Amino acid sequence: MPAIAGPAASRESSGGDELGVNEVRRSDEGGGGRCTRSGTLKRRSSAGSPISPPSPMKWKSPRRCVDSSPRTPLVEDMGCADEIVGVHQLTVKRKLMDSFSAAPCWNPRKDASQMSVVKEVLHVSKVPSAVVCREIEQNRILEFCKSCVEQEKAGSLYACGCPGTGKSLSVEKVKLLLFEWAREAGHTMPDVLSITCTSLGNTSDIFSKMLGSHQMQKKTKGPMTSLQLLQSLYSHKQQSSDAKMMLVIADEMDYLITKDRAVLHDLFMLTTLPHSRCILIGIANAIDLADRFLPRLLSLNCKPMVISFRAYSKDQILRIVQERLSALPYTVFHPQALELCARKVAAASGDMRKALCICRSAIEILGTELAELSTTNATAPLAENHSLNQMAASAWDLSGKENDIVRIDHMAAALSKTFKSPVVDTIQSLPHHQQIILCSAVKLFRRGKKDTTIGELNKSYNEVCKSSNVPPVGIFELSSMCRVLSDQGLLNIGQSKEDRLRRVTLKVDQSDITFSLQGVRFFRNCLL
């Protein structure tokens, strides 16, 4: 006789039915045609067999997308979530690949054309997009030109300075700014005549060029020179009211200094005539050209406006080189190499053209070194060549960018080709231990000290020797070597009863010692 189910059994049975319904619903929502456990539970319930409770399902947190926010709705389908994450990862990889392909890496071993691109950027004839570090001088020249154009009044200006200080570049930049200002302000832009005086066959040919820019035809009777025609033109009021002014830029004006100084004098005098419409800008290296060669202009109170271009400082040279190199998508020079070049050029002359030539020379030295390395690898035996290639590949992976850029030793070699200093030659010809003493002194004075004692110098010397596994000499031998360096004009040694307490100072610049010793790897590591 079947047993009557109690309340607990009825609740269990009803619970199983509800569970079966829920499982069926989940199966229907999933869209599958699989057999679910709900049908089995129903059949067991109808047969009266005992119902076993279902095993609990492992709960999994719905996965969010990588770029989701806290308010993003959850993705319940795990397959969909995995697909979204996979698509996102592919998108990120594609963006990274595009960024790497858009910005090429510096690899002159594989792409030799990169060397040519860098040398072209650093060439003297390459006009930079912006003339930096000469903003004050450019503003003064521009204001002078604006005043002449607005008042329709002639005038003269003289830009002077040492070679390579940006005079010609600044004047060319001012010419472009003047064009832009005249167009915006509604003024008539003057005709521009740029002359390089060294290209003239005869110094008086400059007047013929000026006359040709006025498009004048010789209608007067009798022989008249170009200078006389210009003087006649500027001495009488012109009939045409729309006559333009003329901006004459005379570069390398030193070439016009003749024995009688007549050409230079007559050129400046053209701007003093009553109806002159000539704006003259002269560019030369001589700072006192107006005072020495144009005394009559001073007596007539017609001295030109003088703007002096000072030599570039270390920071200015460094900024200009970095401004040029910023056009490249990769790093070519080690920062300390550029700083060494800027310091040496600023201390010598401040000539920016020389700094650019030194940087180009350093690039060529790097190219020669890489070519020699590739030749060595190519001529090595096959097995050895294979191992060398593996070593080179691993070296490139670890520090290829550090090895294939212009380092301090490349820049030091380029500087030594350009500057031949007796101090540098003296330091490079010293014995090894005397060079170590100078290196130790530089390391001491970098800490802010102005002088030291032989005892402190001996400690620094011993530290350098210990770090390099070089047997040091005793303090008495070091004291005698310091006296030898003093006799050669490299050190200054004071007086004291004990040698250990004698004061020591450098008589040469630290940069000269650094430059002299940077070519040797031993000292390059010590001076880092």
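What you see is a predicted model, and the numbers here were worked out from it, not measured in a lab.

**Student:** Before we move on, can you summarise the side chain of Ser156 with the specific residues and values?
**Tutor:** Position of Ser156 relative to the elements: it lies in strand S1 (residues 155-161). Judged by its relative accessible area of 9%, Ser156 falls in the buried class. Leaving out residues up to four positions away in the same chain, Ser156 has contacts with Phe144, Phe268, Thr271, Leu280, Pro304 and Met305.

**Student:** Provide a residue-level description of the pattern of salt bridges, including the pertinent values.
**Tutor:** On inspection of all chains with the given rule, the structure shows 13 salt bridges. One salt bridge connects Glu137 with Arg134, and the closest N-O pair in it is separated by 3.9 Å. You'll find Glu137 and Arg134 in the same group, each marked buried. Here Asp315 and Lys314 are joined by a salt bridge, their closest N and O atoms 3.0 Å apart. Overall, Asp315 belongs to the exposed group, its relative accessible area being 51%. When salt bridges with common partners are traced through the structure, they connect Glu369, Arg407 and Asp409 into a single cluster.

**Student:** Tell me about the sheet that holds S1, and name the residues and values.
**Tutor:** Within the open sheet, the five strands sit side by side as S2-S3-S4-S1-S5. Their pairing is parallel. Here the strands that pair on one side only, and so sit at the sheet edges, are strand S2 (191-196) and strand S5 (305-309). Averaged over all pairs of adjacent strands, the angle between their axes in this sheet comes to 15 degrees, without regard to strand direction. As judged from the five bridges shared by S1 and S5, these two strands associate in the parallel manner. Looking at S5, one finds that Ala159 is bridged to Ile307.

Reading the values: rules and limits
Residues numbered from 1 in each chain as written. Predicted model: local features only at pLDDT ≥ 70, side-chain atom pairs only at ≥ 80, totals over all residues. Heavy atoms only, no water. Helix = DSSP H or I, 4+ residues; strand = E, 2+ residues; numbered from the N terminus. Buried < 20%, exposed > 50% of the residue type's maximum accessible area, 1.4 Å probe, protein only. Contact = heavy atoms within 4.5 Å. Salt bridge = Lys/Arg side-chain N within 4 Å of Asp/Glu carboxyl O. Pairing = 2+ DSSP bridges. Axes fitted to C-alpha atoms, helices over the stretch in contact; angles between N-to-C directions.

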